[in-house]
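Here are the chains, one letter per residue:
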Amino acid sequence: MLFTHTAYIGIDPTAGRSPFTFAALDGDRNILALSEGELGDVLTFVGNFPAATVAINAPSHANAGLVRKQFEKQTLTPGSMRGVDLRVAEHELRERGISVSATPLREENCAGWVQLGFSLYRSLAKMGFRAFPHEGEEHLWLETHPHACYTVLIGQIPLSKPTLEGRLQRQIVLHDAGLGIKDPMGFFEEITRHRLRLGVMPMELIYHPEQLDVLVAAYTAWMAVKQPAGTIRVGGKEEGFIVLPVGELKEKY
């Protein structure tokens, strides 16, 4: 079945029980889907839309050694070359205090979730998707990073993602950004002395960490198309750009 909406989709290949978690927003930032599945499930879902921008929480390219080459030009001692095997985008974010994983030089040396991401990018390319921005194309992909997204949206390093307070913080950010999601403040309205005594918390009102990751990716896809001046890219064409949903970055987070 072909959906009539233009979709803004976030995909995360790091989920636990299923290889992928994905979310889709419509043009008004309402949730069209929030689910998980195998690669085939994701591709089938994405292929149902006449137009879609897909934001993926995984590296789009392997490390090409550009950062290492730049450090080597500075004739640094061998001991000072530690931690330089990463992409330009990752180096730029780390320089600003945003912790991101380094992508190795060779695909076979990458973590399993990174290799899943590469498989997804290749599959989307076969379906006709092109890297954002690409004028005239209605099927686009872009790379983003959930931790970096929340960091720049909040203006500081967010609370730990698995914790209740970290999940509430992220959900507040998304709700304030206009996503049609559950209002996280309803969680506090449902807490009573009796519930606390019994240890019965209204956890159904709070999204899981991997769901929050794909929702911020979908929001980044929406921003990239709807409000491109409110987004920024770090990195370069050879190793890939990471797109973030703010128009300007702070020097340090």
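Residues numbered from 1 in each chain as written. Predicted model: local features only at pLDDT ≥ 70, side-chain atom pairs only at ≥ 80, totals over all residues. Heavy atoms only, no water.

## Some words on unusual backbone geometry
Here is step 1 of the chain: Cis geometry is adopted by the peptide bond preceding Pro133, which originates at Phe132 and carries an omega value of -5 degrees.
Here is step 2 of the chain: Of note, Pro133 is situated in the loop between strand 5 (130-131) and strand 6 (139-143).
Here is step 3 of the chain: Phi at Arg29 takes a positive value of approximately 70 degrees, unusual for a residue other than glycine.
Here is step 4 of the chain: By the secondary structure assignment, Arg29 is in the loop between strand 2 (20-25) and strand 3 (31-37). (Helix = DSSP H or I, 4+ residues; strand = E, 2+ residues; numbered from the N terminus.)

## Some remarks on the environment of Gly117
Here is step 1 of the chain: Tracing the sequence through the fold places Gly117 in helix 4 (residues 112-126).
Here is step 2 of the chain: Judged by relative accessible area, Gly117 falls into the buried class, the value being 0%.
Here is step 3 of the chain: Here the alpha-carbon distance between Gly117 and Ile11, two residues 106 residues apart in the chain, equals 9.2 Å.
Here is step 4 of the chain: Not counting the four nearest positions on each side in its chain, Gly117 is found in contact with Pro13 and Ala58. (Buried < 20%, exposed > 50% of the residue type's maximum accessible area, 1.4 Å probe, protein only. Contact = heavy atoms within 4.5 Å.)

## Observations regarding the nonpolar core
Here is step 1 of the chain: Ranked by size, the top nonpolar core spans 39 residues in total, and within it Leu93, Leu174, Leu179 and Leu244 carry the most contacts.
Here is step 2 of the chain: A per-element tally of this core places helix 9 (residues 209-226) first, with 11 residues.
Here is step 3 of the chain: Look past the residues within four positions of Leu179 in its chain and what remains in contact with it is Leu25, Arg29, Leu174, Leu215 and Tyr219.
Here is step 4 of the chain: Ranked by size, the runner-up nonpolar core spans 21 residues in total, among them Ile9, Phe20, Ala52 and Leu120. (Core = buried A, V, L, I, M, F, W, Y, C linked by side-chain atoms within 4.5 Å.)

## Description of the environment of Ala55
Here is step 1 of the chain: Relative to the helices and strands, Ala55 resides in strand 4 (residues 51-56).
Here is step 2 of the chain: By relative accessible area, which is 0% here, Ala55 ends up buried.
Here is step 3 of the chain: C-alpha of Ala55 to C-alpha of Leu142: the two residues are 87 residues apart in sequence and 4.9 Å apart in space.
Here is step 4 of the chain: With near-sequence residues (within four places) excluded, Ala55 lies in contact with Ile9, Gly10, Ile11, Leu142, Thr144, Ala217 and Ala221.

## Details of the side chain of Asp26
Here is step 1 of the chain: Note on placement: Asp26 falls in the loop between strand 2 and strand 3.
Here is step 2 of the chain: With no salt bridge to any partner, buried Asp26 finds its closest opposite charge in Arg29, at an N-O distance of 7.4 Å.
Here is step 3 of the chain: For Asp26, the side chain forms a polar contact with the main-chain nitrogen of Asp28, separated by 2.8 Å.
Here is step 4 of the chain: At 2.9 Å, the side chain of Asp26 forms a polar contact with the backbone nitrogen of Asn30.
Here is step 5 of the chain: The residues touching Asp26, leaving out its near neighbours within four places in the chain, are His5, Thr6, Tyr8, Leu32 and Trp222. (Lys, Arg positive; Asp, Glu negative; His and termini not counted. Salt bridge = Lys/Arg side-chain N within 4 Å of Asp/Glu carboxyl O. Polar contact = N/O pair within 3.5 Å; in protein donor to acceptor, adjacent residues only side chain to side chain.)

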